[in-house]
Amino acid sequence: MTATTTAPPGTPSATASGPTSAAAEAPPPPRGRLRRARRALTVLFPVAVVTGIGFALYGRAGELAALVLRPDSVPYLLAALVANALAVLLSLTTWRTLLADLGPAVPGRTATRIYFTSYLGKYVPGAVWGVLAQLRMGGAAGVSAPVVLAVFLLNLVVAVLTGLAVGPIAAPWTIGAEAWWLVLPGAVTVAWAVRPALLHHLAAFAARIARRQAPTTRASDRGMRRALASATASWAVGGLHLWALAVMLGAPPLTALPVCVGGFALATAAASLVVVLPDGWGAREALLLLALTAVLPWQEATAVAVASRVVCTLSEVLVGGAALLLTVPRRSAPPAHPIPVKD
């Protein structure tokens, strides 16, 4: 941070030859150029990943599609859909736990509708749309803006933190003996489970990065521990969908289980931080490939990563869409006019 000072009248000012003057007169970094670079990244990174996937599947796309679409693959695909659907519902539990702990009582139907409206907004580039949806709908339900923002930030922190903590279980099979340092996220998560108040400091830091006001409300230790538990369960159950797809294409079940559960949690949590990409598209697939190649050849690993994106999108849309349909606000019937009685 730089401070700007004004010299009093009559005092000699620094000349242009000094380094201080040169730094002060240097033009600010062009924001337009940075904005164009971010837009280019939004387009070029997914294109690069799609190109890499195309090269990986070239010549074997028909063969791999036949493996995925054969009749005996149906149980694996259904299991993958169900596993990710359960993970989405567990993520709803995490958010509702924080909302109930921080804010006023909100009916379950209303809370579910707020969450899934915001949740499906993740497919739009930028993290602001989910916040705006929660602020608008939460305000209509009587939840103040500071509480909505606190729930949003704490939910994000809990999801990312637990994902990074579950991720290292894949490390021994992916990067070998050098993976010992990856236990640090798990140790940090355990420390925060013991002292949940520390998470509020992390949420305040996230708010500063996002250039938003730090949350002024605090969740209870019990509420934070319950949120951490349900988020961890969500990652574990969600990783089973990737495991089902990997086993379907020939991965050894016992070895693939920790690789898929940990790899999915780590890839999704890390990719969620890349806010310029809708739902981390491209970043998640690139990280998944690094994990899946420990149990599958490159082409099969690529097919599983692509199938995972399709399964996740389909299950999320189905669960979110069904939740929104089931929670449509009921219209109150108009008062019945009494029928006049004739004498």
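Thresholds applied
- Residues numbered from 1 in each chain as written.
- Predicted model: local features only at pLDDT ≥ 70, side-chain atom pairs only at ≥ 80, totals over all residues.
- Heavy atoms only, no water.
- Helix = DSSP H or I, 4+ residues; strand = E, 2+ residues; numbered from the N terminus.
- Buried < 20%, exposed > 50% of the residue type's maximum accessible area, 1.4 Å probe, protein only.
- Contact = heavy atoms within 4.5 Å.
- Core = buried A, V, L, I, M, F, W, Y, C linked by side-chain atoms within 4.5 Å.
- Expected span 1.5 Å × (residues − 1).
- Patch = residues over 30% accessible without salt bridge, like charges linked within 9 Å, V, L, I, M, F, W, Y side chains within 5 Å.
- Areas by Shrake-Rupley, 256 points an atom, 1.4 Å probe, with all protein chains shown as cover.
- Salt bridge = Lys/Arg side-chain N within 4 Å of Asp/Glu carboxyl O.
- Polar contact = N/O pair within 3.5 Å; in protein donor to acceptor, adjacent residues only side chain to side chain.
- Axes fitted to C-alpha atoms, helices over the stretch in contact; angles between N-to-C directions.
- Left-handed = near helix turned anticlockwise from the far one by under 90°.
- Nonpolar A, V, L, I, M, F, W, Y, C, P; charged D, E, K, R; others polar.
- Phe/Tyr/Trp six-rings, centres within 6.5 Å; stacked < 30°, edge-to-face > 60°.
- 1 Å grid on protein atoms, 1.4 Å probe; cavity = no way out; pocket = protein on both sides within 12 Å on 5 of 7 lines; lining within 4 Å.
- Points joined across faces, edges and corners; volume = space filled by probe spheres on them.
- Parallel < 35°, antiparallel > 145°, perpendicular 65-115°, else oblique.

Draft legend 1. Layout of the overall build of the protein chain. Secondary structure assignment for the protein chain yields 14 helices and zero strands. Residues classed as buried in the protein chain amount to 40% of the 343 residues present. Long-range contacts, defined as pairs at least 24 residues apart, comprise 76% of the intrachain contacts of the protein chain with a sequence gap of at least 6.

Draft legend 2. Fine view of the nonpolar core. Within the largest apolar cluster, 31 residues are counted, with the highest numbers of intra-cluster contacts made by L242, L245, L292, L296 and V304. With eight residues, the top contributor of residues to this core is helix α12 (residues 253-271). The next biggest cluster of nonpolar side chains, apart from the first, holds 29 residues, and it includes V143, V158, V319 and L324.

Draft legend 3. Geometry of helix α11 (residues 221-248). With 28 residues, α11 extends 41 Å between its outermost C-alpha atoms, agreeing within 8% with the 40 Å of an ideal straight helix rising 1.5 Å per residue. G250 occupies a position one or two residues after α11 and carries a positive phi of about 105 degrees.

Draft legend 4. Focus on a nonpolar patch on the surface. A contiguous nonpolar patch, built from V82, L86 and L89 and spanning about 260 Å² of accessible area, is present on the exposed surface. Note that L86 resides in helix α4 (residues 74-102). Owing to a relative accessible area of 44%, L86 belongs among the partly exposed residues under this scheme.

Draft legend 5. Highlighting the side chain of S234. In this structure, S234 sits in helix α11. A polar contact of 2.8 Å, which involves the side chain of S234, links it to the backbone oxygen of A87. Among residues more than four places away in sequence, those in contact with S234 are A87, L90 and S91.

Draft legend 6. Summary view of the packing of α4 against helix α5 (residues 108-120). Look at α4 against α5: their axes get within 10 Å of each other, and the N-to-C directions meet at 115 degrees. The handedness of the crossing between α4 and α5 is right-handed. Facing V88, L89, S91, L92, W95, R96 and L99 of α4, the residues of α5 in contact are G108, A111, T112, I114, Y115, F116 and Y119. Of the residues contributing to the contact of α4 with α5, the split by class is ten nonpolar, three polar and one charged.

Draft legend 7. Structural detail: the packing of aromatic side chains. According to the stated counting rule, one finds five aromatic pairs in the structure shown. Ring geometry for W95 and Y115: centres 5.5 Å apart, planes at 45 degrees, overall tilted. Of this pair, W95 sits in helix α4 while Y115 is found in helix α5, placing the two residues 20 residues apart along the sequence. In terms of burial, W95 and Y115 fall into one category: buried.

Draft legend 8. Geometry of the pattern of salt bridges. Here the structure, examined in full by the defined rule, presents one salt bridge. For R309, the salt bridge identified is with E285, shortest N-O distance 2.7 Å. Of the two residues, R309 is situated in helix α14 (residues 298-326) and E285 in helix α13 (residues 283-292); the sequence distance between them amounts to 24 residues. Side by side, R309 and E285 carry an identical accessibility label, which is buried.

Draft legend 9. Up close: empty space enclosed by the protein. Across all of its chains, the model carries one cavity of 30 Å³ or more by this definition. For the lining of the largest cavity, the secondary-structure elements that each account for two or more residues are α4 and α6 (128-140). Partitioned by chemical class, the residues of the lining of the largest cavity number five nonpolar, two polar and no charged.

Draft legend 10. Quick look at the packing of α13 against α14. Packing of α13 against α14 leaves a shortest axis separation of 9 Å and a crossing angle of 135 degrees. Comparing their axes, α14 and α13 come out oblique. Crossing of α13 over α14 shows right-handed handedness. In this structure, α13 contributes R284, E285, L288, L289 and L292 to the contact, and α14 contributes W298, A301, T302, V304, A305, S308, R309 and C312. A class-by-class count of the residues in the contact of α13 with α14 yields eight nonpolar, two polar and three charged.

Draft legend 11. Here's a closer look at the environment of A244. Along the chain, A244 turns up in helix α11. Separated by 171 residues in the primary sequence, A244 and S73 have C-alpha atoms spaced 9.7 Å apart.

This is a description of form; function is not addressed.
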